[in-house]
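A closer look at the structure
Below, each chain spelled out in residue letters.
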Amino acid sequence: MSKEIDAAKGWSRVLVLVVLAAAWQLAAMHLQNRALPPPSAVLEALANEARSGDLLFHLGKTLTRVALSFVLAMIAGVALGIAMGRWPRLDQLLDGLLIFGLNVPALVTTILCYIWFGLSETAAILAVVVNKVPMVAVTLREGARAIDPGLMDVARAYRLPPLRRFFRVYLPQLIPYLFSAARNGLALIWKIVLVVELLGRSDGVGFQIGNFFHFFDIASILSYTLAFSALILILEGLCLRPLENHLNRWRT
Amino acid sequence: MTGPTKNNQVLQIDIESKRYPSGTCALHDLHFSVAPGDFVAIVGPSGAGKSTLLKIIGGLDTHFAGRVQMPAETRFGTMFQEPRLMPWLTVRQNLQLVKPDLTAAQLKNLLADVRLDDCAELFPSQLSGGMQRRVALLRAFIVAPHILLMDEPFQSLDAPGAAQLRQQLIALWKQSEATVLFVTHSLTEALSLASRVLFFSGSPARIVLDYKVELANPRTIDSPEVVAMAQQLLQSHPNILGGSAGV
């Protein structure tokens, strides 16, 4: 029953995409303007880039940066968020800094990192991580504040050793917050990575899009955008969502 | 502070005072000791600080003036007012949480003891309230506790469910060497389970009556001897449940 509903949902999602693509094709054919190439031209550009090997190379570069900064930002943000939710004094101390961090534009941190640490890979990753950590921390702080003291009392009453207490009693309570942070994180990080690549790297999707911009090659810009968005969707659908469903199977 | 006891008592309580963060005094000048293997019920008006006392004994609340003495390495089992199982762990995993070396055979026997056969791989949300409490009861016993702390564990159950759990509690207790402290506000529940009943006054709690129960098991809250004893108690101490031993 629920499988049929899922399948129907899946098909209706595909249908929306098909309708959008058709509308785009019609509009492009009607306008006949270089600024709006039809989907067929974008697919052709995609095929060309894929054949030359450029697409895979730059996607790989960007994906590596996304993965690395995602992992680092999650670790730092989760630790900071838990600590701030746990100790009100630390929270008071760092709250202002956190709000500041949330509001600094990605462009500013990127430029500053490049100026202070040079046009290096480390500076690029650091810029993305600095951008993302405050958001993860804010989400996890909410989670740490919502920890059920009754369940923590169970852990204390039975004298559970610290690691078991953390992984089997504490952390499971944070899972909805972890997934919220991860999902938002994935969406935000790849956008920031592109800016970072545009400003100071000589490979990656952001660098390529900068190049195509100089040549006014809109079809190629769109082809890279589509390819990377699809990759993120697949990551979310094949990794994040099944993992979340598995961890939430006790909610009936 | 905690430390060893004298005179072979499993527990020696000497609480000078316990104040809540709000400043209200919950416990004052409370002294008693508990002999090994005893089943002590604590009865008193709500808000008398009974739960707080259990938290202090169990080491969950350390902000008090006085001493709680017990032998070193005392193991505790605890049952709270709610089952408090981890919702993300199955019945088996909830039990393994407190006893990781639980074998499949032990698990099977334990679940059969409380008539939860075939429930090992279910999550708490798939169990009724009574079944969740039976799992919590098992969890309290499988750590082989020296002291079992129970804070009105059966209060929100229907009468047959509560009766069944009381029966299972007594059965498990008889097989164990646990000393039980059982908080309740029901006089007949206390008399049907305990070998000794401590009656508490209202806040701040003092002991107004220390009552020995010498009745044969098995008995229930409806057994004639339990009902008679309750009536007799209420006749000699009309306001005992309100926290006063006076006539």
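Residues numbered from 1 in each chain as written. Chains lettered and ligands numbered in written order. Predicted model: local features only at pLDDT ≥ 70, side-chain atom pairs only at ≥ 80, totals over all residues. Heavy atoms only, no water.

1. Quick look at unusual backbone geometry
Residue and element names in this part refer to chain B. To keep things clear, this is the line we draw: Counting from the N terminus, the helices are DSSP H or I runs at least four residues long and the strands are E runs at least two residues long. Each residue's exposure class comes from its accessible area (1.4 Å probe, protein chains only) as a fraction of the maximum for that residue type: buried when under 20%, exposed when over 50%, partly exposed otherwise.
For aspartate 118, which is not a glycine, the phi torsion comes out positive at approximately 70 degrees. Within the secondary structure layout, aspartate 118 lies in the loop between helix 3 (104-113) and helix 4 (129-142). A positive phi angle, near 50 degrees, is found at alanine 144, a position not held by glycine. Along the chain, alanine 144 turns up in the loop between helix 4 and strand 7 (147-151). Accessibility expressed as a relative area gives 41% for alanine 144, which makes it partly exposed.

2. What about the layout of surface pockets?
Residue and element names in this part refer to chain A. Heads up, the condition is: Cavity: a set of points on a 1 Å grid over the protein atoms alone where a 1.4 Å probe fits but cannot get out. Pocket: an open set with protein on both sides within 12 Å along at least five of seven lines, its lining residues, like those of a cavity, having an atom within 4 Å of a point. Grid points are joined across faces, edges and corners, and a volume is the space filled by probe spheres set on the points. Under the grouping applied here, Gly and all other residues not named as nonpolar or charged are polar, the nonpolar ones being Ala, Val, Leu, Ile, Met, Phe, Trp, Tyr, Cys and Pro and the charged ones Asp, Glu, Lys and Arg.
Empty space within the largest pocket amounts to approximately 780 Å³. In terms of residues, the lining of the largest pocket owes the most to one element, helix 1 (residues 2-31), which gives 9 residues. Class assignment for the residues of the lining of the largest pocket results in 11 nonpolar, 2 polar and 5 charged.

3. With respect to empty space enclosed by the protein
Residues and elements named next belong to chain B. All chains considered together, the criterion is met by 1 cavity of 30 Å³ or more. Approximately 40 Å³ is the volume attributed to the largest cavity. Around the largest cavity, the lining residues are Thr78, Met79, Phe80, Gln81, Glu82, Pro83, Arg133, Ala136, Arg139 and Pro153. At the level of elements, strand 6 (76-79) and helix 4 are the ones that each hand at least two residues to the lining of the largest cavity. At 3 residues, the largest contribution of residues to the lining of the largest cavity is made by helix 4. Considered class by class, the residues forming the lining of the largest cavity number 5 nonpolar, 2 polar and 3 charged.

4. Quick look at the sheet that holds strand 6 of chain B
As a general point, the strands of a sheet are linked pairwise by backbone hydrogen bonds and lie either parallel or antiparallel. Residues and elements named next belong to chain B. Basically, it comes down to this: The rule for pairing is simple: two strands pair if DSSP sees at least two bridges between them. Working convention: axes come from line fits to C-alpha atoms, limited for helices to the stretch in contact. Angles between N-to-C directions cover 0 to 180 degrees.
Strand order in this open sheet of 6 strands is 6-7-8-4-9-10, and the pairing throughout is mixed. One side of each edge strand has no neighbouring strand; the edge strands of this open sheet are strand 6 and strand 10 (207-212). The sheet shows a mean angle of 15 degrees between the axes of neighbouring strands, taken without regard to direction.

5. So, the packing of helix 9 (residues 205-214) of chain A against helix 10 (residues 218-247) of chain A
Any two packed helices are characterised by how steeply their axes cross, that is the angle between the axes, and by the distance between the axes. All names here are of chain A. Threshold: Angles below 35 degrees are treated as roughly parallel, those above 145 as roughly antiparallel, those between 65 and 115 as roughly perpendicular, and all remaining angles as oblique. By convention, the crossing between two helices is left-handed when the near helix turns anticlockwise from the far helix through less than a right angle, and right-handed when the turn is clockwise. Residue contacts are counted whenever heavy atoms from the two residues lie within 4.5 Å of one another.
Direction vectors running N to C along helix 9 and helix 10 enclose 160 degrees, while the axes themselves pass 9 Å from each other. Of the possible angle classes, the one that applies to helix 9 and helix 10 is roughly antiparallel. Helix 9 and helix 10 meet at a crossing whose hand is left-handed. Note on element contacts: helix 10 touches helix 9 through Ser220, Ile221, Tyr224, Thr225 and Phe228, opposite Val205, Gln208, Ile209, Phe212 and Phe213. Looking at the contact of helix 9 with helix 10 residue by residue, the class counts come to 7 nonpolar, 3 polar and no charged.

6. Let's talk about the confidence of the model for chain B
For residues with low pLDDT, the predicted coordinates do not support detailed interpretation. Short version of the rule: Per residue, pLDDT captures the predictor's confidence, and it can take any value from 0 to 100.
Mean pLDDT over chain B stands at 90; residues scoring 70 or higher make up 96%. The ipTM assigned to the predicted complex is 0.89, against a pTM of 0.84.

7. Some remarks on the pairing of strand 8 (residues 179-184) of chain B
All names here are of chain B. By the criterion of burial, strand 8 is predominantly enclosed, with 6 of the 6 residues buried. Burial of strand 8 is two-sided: the residues Thr179, Leu181 and Val183 facing one way and the residues Val180, Phe182 and Thr184 facing the other way are all buried. As paired strands, strand 4 (residues 39-43) and strand 8 are joined by 5 bridges and run parallel to one another. In the sheet register, alanine 41 faces strand 8, and the bridge partner there is phenylalanine 182. Two elements, strand 7 and strand 8, share 5 bridges in a ladder whose sense is parallel. In the sheet register, isoleucine 147 faces strand 8, and the bridge partner there is threonine 179.

8. Observations regarding the interface of chain A and chain B
For clarity, the threshold we go by: Accessible area, probed at 1.4 Å, shrinks when two parts are joined; the buried area is that loss added up over both. One side-chain nitrogen of Lys or Arg within 4 Å of one carboxyl oxygen of Asp or Glu is enough to make a salt bridge. Polar contacts here mean pairs of N or O atoms no more than 3.5 Å apart (in protein, one a potential hydrogen donor and the other a potential acceptor; neighbouring residues in sequence count only if both atoms are side-chain atoms).
Opposite the 17 residues of chain A that make contact, chain B presents 25 residues. Both sides of the chain A and chain B interface together cover about 2000 Å² of buried area, and 64% of this is carbon and sulfur. By the criterion of area lost to chain B, the three top residues of chain A are Tyr158, Arg168 and Trp250 of chain A, representing 36% of everything that side buries. Where chain A meets chain B, there are 1 salt bridge. Put simply, lysine 55 of chain B and aspartate 153 of chain A hold a salt bridge, and the shortest N to O gap is 3.3 Å. Applying the counting rule to chain A against chain B returns 9 residue pairs in polar contact (both at pLDDT 80 or more).

9. Focus: the pattern of salt bridges
Residue and element names in this part refer to chain A. For the coordinates displayed, the defined rule picks out 20 salt bridges over all chains. Between arginine 201 and glutamate 121 there is a salt bridge, with its nearest N and O atoms 2.8 Å apart. Taken together, the residues arginine 201 in the loop between helix 8 (162-200) and helix 9 and glutamate 121 in helix 6 (residues 121-145) connect sequence positions 80 residues apart. Arginine 201 gets classed as buried once you look at its relative accessible area, which sits at 17%. With a shortest N-O distance of 3.2 Å, glutamate 236 and arginine 241 are connected by a salt bridge. Of the residues examined, glutamate 236 reaches a relative accessible area of 14% and is grouped as buried. By relative accessible area, which is 39% here, arginine 241 ends up partly exposed. Among the charged side chains, a network of salt bridges with common partners joins Lys61, Arg65, Glu121, Glu197, Arg201 and Asp203.

10. A short note on the packing of helix 3 (residues 54-86) of chain A against helix 6 of chain A
All names here are of chain A. Two numbers describe how helix 3 lies on helix 6: the axes approach to 6 Å, and their chain directions differ by 35 degrees. In this structure, the crossing between helix 3 and helix 6 has a hand that is right-handed. Of the residues assigned to the contact of helix 3 with helix 6, the class counts are 17 nonpolar, 4 polar and 6 charged.

11. With respect to the environment of glycine 44 of chain B
Along the polypeptide, glycine 44 of chain B turns up in the loop between strand 4 and helix 1 (50-57). A C-alpha to C-alpha distance of 31 Å links glycine 44 of chain B and leucine 127 of chain B, two positions 83 residues apart in sequence.

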